[in-house]
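Topology and contacts: notes
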Amino acid sequence: MATPMTAAQVVAQLKKWGLRYVEIPGWSSHNRNQKGAWGPVNGFVWHHTGADVRDGQAYASTTLYNGITGLPGPLCQFSIGTDGTVYLVGWGRANHAGGGDPAVLAHVQAEDYSGQLHPTRGNSNGVDGNAHFYGVEIQYSGGHEMSAAQYTAARRLSAAILDFHGWSERSVIGHGEWSSDKWDPGYAAGKIMAMPAVRADVASTLSAGPNTQQEETVALTAADLEKIRKVVWESDKAAAPKDAPDAKTNPTWQYQSYLKDTNARVRAIQVSEAAQTAAIAKLAGLAGSGVDTATVVAAVKEAIADAVVKVSVDVTGADSKGV
């Protein structure tokens, strides 16, 4: 049992755990606190939206923020788009958990269970879950796997909450583990309601710590790569000399692209780093030798001059270096 985080504290946790987030306007004071208690909190519930969402921010700022007929918003505190962005929808009591099994609540409060939780009560005859849980709506139907970016973000978000409260992974449950009339999240770890596997992944994420949880590289799809290829192709054509052969008649021509320019800049940075390293080594060699300032300055200049090289990249991609 714990006092809920403040809005400022949750933002700090998102930053600490390297999560990309968007604040829906008004989220920090948008809640259902006038209808009942929020807290003490005991855990974090994963949900799916039940539909695949194209525009994550629009969905978060309308449906999840405002609610639906018979169920006013906010419908969660957090939502996660397909690209892994976390949307802050509300802060305080939200209509997400509904009624659930008091026996499940006792297990989560004590963190004394293993495997899958099997509730025997639901929304109509259970205890109020909205008072006890944070909730995240993951924007996918549940009939297939959530995206890799969503799963990564959901694990990190869980770890951020657990880290703040000092909870273990047993404080993370699926909606279907809370309420007997729910089955979400679907296909959270390869199959419907695989929460033991989810908790194992959350435990690993939490154990690794926030310093290793900065933006992970998400595998690009074929469509993504084609978009990148088209952008690079157009930028190459724009940068090509006027007398360059037409790519359609000479497909082996390689334009002087922005990517090559970036490569050259990276090499220049590496050269500068080598120069500084050499200068530091030179200084270390002079330490305690009793030489005067002018000698030290001259030695540093000499070290930098020795390390600096000019780097150029020609249109074929071959490197040429000269002093």
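Structure first, text after, so check above.
Read on for a plain summary of the structure. (Residues numbered from 1 in each chain as written. Predicted model: local features only at pLDDT ≥ 70, side-chain atom pairs only at ≥ 80, totals over all residues. Heavy atoms only, no water.)

Strand 9 (residues 133–138) sits mainly inside the fold: six of its six residues count as buried. Note: strand 2 (residues 43–48) against strand 9, six bridges, orientation parallel. The residue bridging Gly43 from the neighbouring strand is Phe133, located in strand 9. (Buried < 20%, exposed > 50% of the residue type's maximum accessible area, 1.4 Å probe, protein only. Helix = DSSP H or I, 4+ residues; strand = E, 2+ residues; numbered from the N terminus. Pairing = 2+ DSSP bridges.)

In space, the six strands of this open sheet follow the order 1-6-5-9-2-10, with mixed pairing throughout. If you trace the sheet from one side to the other, it starts and ends with strand 1 (21–23) and strand 10 (172–174), each paired once. Within the sheet, the average angular offset between the axes of one strand and its neighbour, ignoring direction, is 25°. Sheet contacts for helix 4 (residues 148–165): strand 2, strand 5 (78–80), strand 6 (86–88), strand 9 and strand 10; angle to strand 2, the most-contacted strand, approximately 165°. (Axes fitted to C-alpha atoms, helices over the stretch in contact; angles between N-to-C directions. Contact = heavy atoms within 4.5 Å.)

We now examine the environment of Ile24. Positionally, Ile24 belongs in the loop between strand 1 and strand 2. Residues Ile24 and Thr62, spaced 38 residues apart in sequence, show a C-alpha to C-alpha distance of 9.7 Å. Residues contacting Ile24, with those up to four places away along its chain left out, are Gln57, Ala60, Ser61, Tyr65, Tyr87, Leu88 and Val89.

Before going further, it helps to spend a moment on helix 2 (residues 56–66). Among all positions in helix 2, only Gly56, Ala60, Leu64 and Tyr65 are buried. Down the axis of helix 2, the smallest arc covering the buried residues is 105°, so these residues share one side. Buried residues along helix 2 sit in contact with strand 3 (67–68), strand 5, strand 6 and strand 9. Immediately beyond the C-terminal end of helix 2, within one or two residues, lies Gly67, with a positive phi of roughly 95°. (Arc of directions from axis to C-beta.)

In total, this model carries three salt bridges according to the counting rule given. Between Asp128 and Arg93 there is a salt bridge; the shortest N-O distance is 2.8 Å. Taken together, the positions of Asp128 in strand 8 (residues 127–128) and Arg93 in the loop between strand 6 and strand 7 (99–100) put the pair 35 residues apart, joining distant regions of the chain. Owing to a relative accessible area of 32%, Asp128 belongs among the partly exposed residues under this scheme. Overall, Arg93 belongs to the buried group, its relative accessible area being 9%. Ionic pairing is found between Arg199 and Glu177, a salt bridge with its closest N-O pair at 2.8 Å. Pair noted here: Arg199 is in helix 6 (residues 195–208) and Glu177 is in helix 5 (residues 175–178), with a separation of 22 residues, a long-range link. The two residues Arg199 and Glu177 agree in class, both being buried. (Salt bridge = Lys/Arg side-chain N within 4 Å of Asp/Glu carboxyl O.)

Glancing now at unusual backbone geometry. Omega for the bond connecting Gly39 with Pro40 falls within 30 degrees of zero, at 0°, which places this linkage in the cis form. With respect to the helices and strands, Pro40 occurs in the loop between strand 1 and strand 2. Cis geometry marks the peptide bond from Gly73 to Pro74, where omega comes out at 0°. Turning to its location among the elements, Pro74 is positioned in the loop between strand 4 (71–72) and strand 5. The residue Glu111 is not glycine, and still its phi comes out positive at about 50°. Tracing the sequence through the fold places Glu111 in the loop between helix 3 (102–110) and strand 8.

Another aspect to go through is the layout of surface pockets. In this structure, the largest pocket occupies an estimated 440 Å³ of space. Forming the boundary of the largest pocket are 24 residues, of which Leu71, His96, Glu137, His175 and Lys182 lie nearest the centre. Counting residues per element, the ones that place at least two in the lining of the largest pocket are strand 2 and helix 2. Looking at which element gives the most residues to the lining of the largest pocket, the answer is helix 2, with three residues. Of the residues contributing to the lining of the largest pocket, the split by class is seven nonpolar, 13 polar and four charged. (1 Å grid on protein atoms, 1.4 Å probe; cavity = no way out; pocket = protein on both sides within 12 Å on 5 of 7 lines; lining within 4 Å. Points joined across faces, edges and corners; volume = space filled by probe spheres on them. Nonpolar A, V, L, I, M, F, W, Y, C, P; charged D, E, K, R; others polar.)

What follows is about the pairing of strand 2. The element strand 2 is extensively covered by neighbouring structure, given that six of its six residues are classed as buried. Side chains Gly43, Val45 and His47 of strand 2 all project onto a buried face; the interleaved residues Phe44, Trp46 and His48 project onto the opposite face, where all are buried too. Sheet topology places strand 2 next to strand 10; three bridges connect them, and they run parallel. The residue of strand 10 that forms the bridge with Val45 is Ile173.

Below, the discussion takes up the nonpolar core. The biggest cluster of nonpolar side chains holds 38 residues, and the ones touching the most others in it are Trp46, Phe78, Trp91, Tyr134 and Leu157. If you list the elements that add at least two residues to this core, you get helix 1 (7–16), strand 2, strand 5, strand 6, strand 9, helix 4 and helix 6. The dominant element in this core, judged by the number of residues it contributes, is helix 4, at eight residues. Among the nonpolar cores identified, the runner-up in size contains ten residues, and Val104, Tyr113, Leu117 and Ile173 belong to it. (Core = buried A, V, L, I, M, F, W, Y, C linked by side-chain atoms within 4.5 Å.)

The subject of this paragraph is the packing of helix 1 against helix 4. Two elements in contact, helix 1 and helix 4, have axes whose closest approach is 9 Å; the angle formed by their N-to-C orientations is 120°. Comparing the axis directions of helix 1 and helix 4 gives the class oblique. Note that helix 1 runs across helix 4; the crossing there is right-handed. When helix 1 is examined against helix 4, the residues Gln9, Gln13, Leu14 and Lys16 are found in contact with a partner set consisting of Leu157, Ala160, Asp163 and Phe164. Grouping the amino acids of the contact of helix 1 with helix 4 by side-chain chemistry returns four nonpolar, two polar and two charged. (Parallel < 35°, antiparallel > 145°, perpendicular 65-115°, else oblique. Left-handed = near helix turned anticlockwise from the far one by under 90°.)

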